[in-house]
Amino acid sequence: MEAQFSATDGGFDLHFAGRLVLCHRRDHPILTLARGAAQVTMRHGNFRIEDNPTGTITPLDWALGEDAVELTLDGLILARLTLDGASLNITALEPGYDRITLRFHAEPGEA
C-alpha cells in the first residue's frame, strides 16, 4: 500500500490506501512544534513526569515535492514530512523544538 501527497485548493492531503489521513489548510494546519519543558521527579522508584511545552509555532505554508512536504512559516522551513513507501517520517528542522503535535483527519461520527 502506497501513501501519496497531493496538492489541493489551498493546501495538501495525504492519502493512504485510498483513505484521507492528513488534510492541511492554512486555517486547519496539521502540525505544531513546541519546546519541551519536562520535569521528572523520582521518589523511592516512583516517577512523576510533567511536561509544559512552550514557544509553540504552527507552520501554515507548504511546498510539495515528489515524496515530501516542507512546512514553512514566514519563509522559514520548520518541518519536513517525507514518505518512504507506507511510512511517514516527520522531521522538526527548527533547533530546540522537540515536541511535535500532528492532527490526523477524521470524519464526524468516526471511531
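As shown above, the structure is provided for reference.
This structure is a prediction, so every number in the text was calculated from the model and none was measured.

### Focus: the pattern of salt bridges
Point 1. One pass over the structure, following the stated rule, counts six salt bridges.
Point 2. A salt bridge links Arg25 to Asp13; the shortest N-O distance between them is 3.1 Å. A residue pair is termed long-range when its members are at least 10 positions apart, and Arg25 in strand 3 (residues 19-25) and Asp13 in strand 2 (residues 11-16) qualify at twelve residues.
Point 3. Using a relative accessible area of 19% as the deciding quantity, one classes Arg25 as buried.
Point 4. Given a relative accessible area of 8%, Asp13 falls into the buried group.
Point 5. Among the salt bridges present, the one from Glu70 reaches Arg80, with a minimum N-O distance of 2.9 Å. Taken as a pair, Glu70 in strand 9 (residues 68-73) and Arg80 in strand 10 (residues 76-84) lie far apart in primary sequence, ten residues in all.
Point 6. Of the residues examined, Glu70 reaches a relative accessible area of 24% and is grouped as partly exposed.
Point 7. Residue classification places Arg80 among the partly exposed positions, given a relative accessible area of 28%.
Point 8. Salt bridges here are not isolated pairs; linked through shared partners, they connect Asp51, Asp98 and Arg99.

### Comments concerning the sheet that holds strand 7 (residues 54-57)
Point 1. Spatial ordering of the open sheet is given by 7-4-12, a layout of three strands whose pairing is antiparallel. For this open sheet the edge positions go to strand 7 and strand 12 (99-102), each flanked by a neighbour on one side alone. Across the sheet, the axes of successive neighbouring strands diverge by a mean angle of 20°, strand direction being ignored.
Point 2. Of the strand pairs in this sheet, strand 4 (residues 31-35) and strand 12 are connected by four bridges, and their pairing is antiparallel. When the bridges of strand 12 are listed, Thr32 appears paired with Thr101.

### Some words on the environment of Pro29
Point 1. By the element assignment, Pro29 lies in the loop between strand 3 and strand 4.
Point 2. Along the backbone, Pro29 and Asp61 are 32 residues apart, and their C-alpha atoms lie at a distance of 8.8 Å.
Point 3. If we skip the residues at most four places from it in the chain, Pro29 touches His24, Thr58, Pro59, Leu60 and Arg103.

### Some details on the side chain of Thr32
Point 1. Along the polypeptide, Thr32 turns up in strand 4.
Point 2. Reaching out from Thr32, the side chain makes a polar contact with the side chain of Arg103 at a distance of 2.9 Å.
Point 3. Beyond its immediate sequence surroundings of up to four residues, Thr32 is in contact with Thr56, Ile57, Thr58, Arg99, Ile100, Thr101 and Arg103.

### Thoughts on the nonpolar core
Point 1. If you look at the biggest cluster of nonpolar residues, it comprises 16 residues, and the most contacted ones within it are Phe5, Leu71 and Leu81.
Point 2. Elements supplying a minimum of two residues to this core: strand 1 (3-8), strand 2, strand 4, strand 9 and strand 10.
Point 3. In terms of residues, this core owes the most to one element, strand 10, which gives four residues.
Point 4. The contact partners of Phe5, leaving out residues within four places of it in the chain, are Phe12, Asp13, Leu14, Leu64, Asp67, Ala68, Val69, Leu81, Leu83 and Leu88.

About the cut-offs
- Residues numbered from 1 in each chain as written.
- Predicted model: local features only at pLDDT ≥ 70, side-chain atom pairs only at ≥ 80, totals over all residues.
- Heavy atoms only, no water.
- Salt bridge = Lys/Arg side-chain N within 4 Å of Asp/Glu carboxyl O.
- Helix = DSSP H or I, 4+ residues; strand = E, 2+ residues; numbered from the N terminus.
- Buried < 20%, exposed > 50% of the residue type's maximum accessible area, 1.4 Å probe, protein only.
- Pairing = 2+ DSSP bridges.
- Axes fitted to C-alpha atoms, helices over the stretch in contact; angles between N-to-C directions.
- Contact = heavy atoms within 4.5 Å.
- Polar contact = N/O pair within 3.5 Å; in protein donor to acceptor, adjacent residues only side chain to side chain.
- Core = buried A, V, L, I, M, F, W, Y, C linked by side-chain atoms within 4.5 Å.

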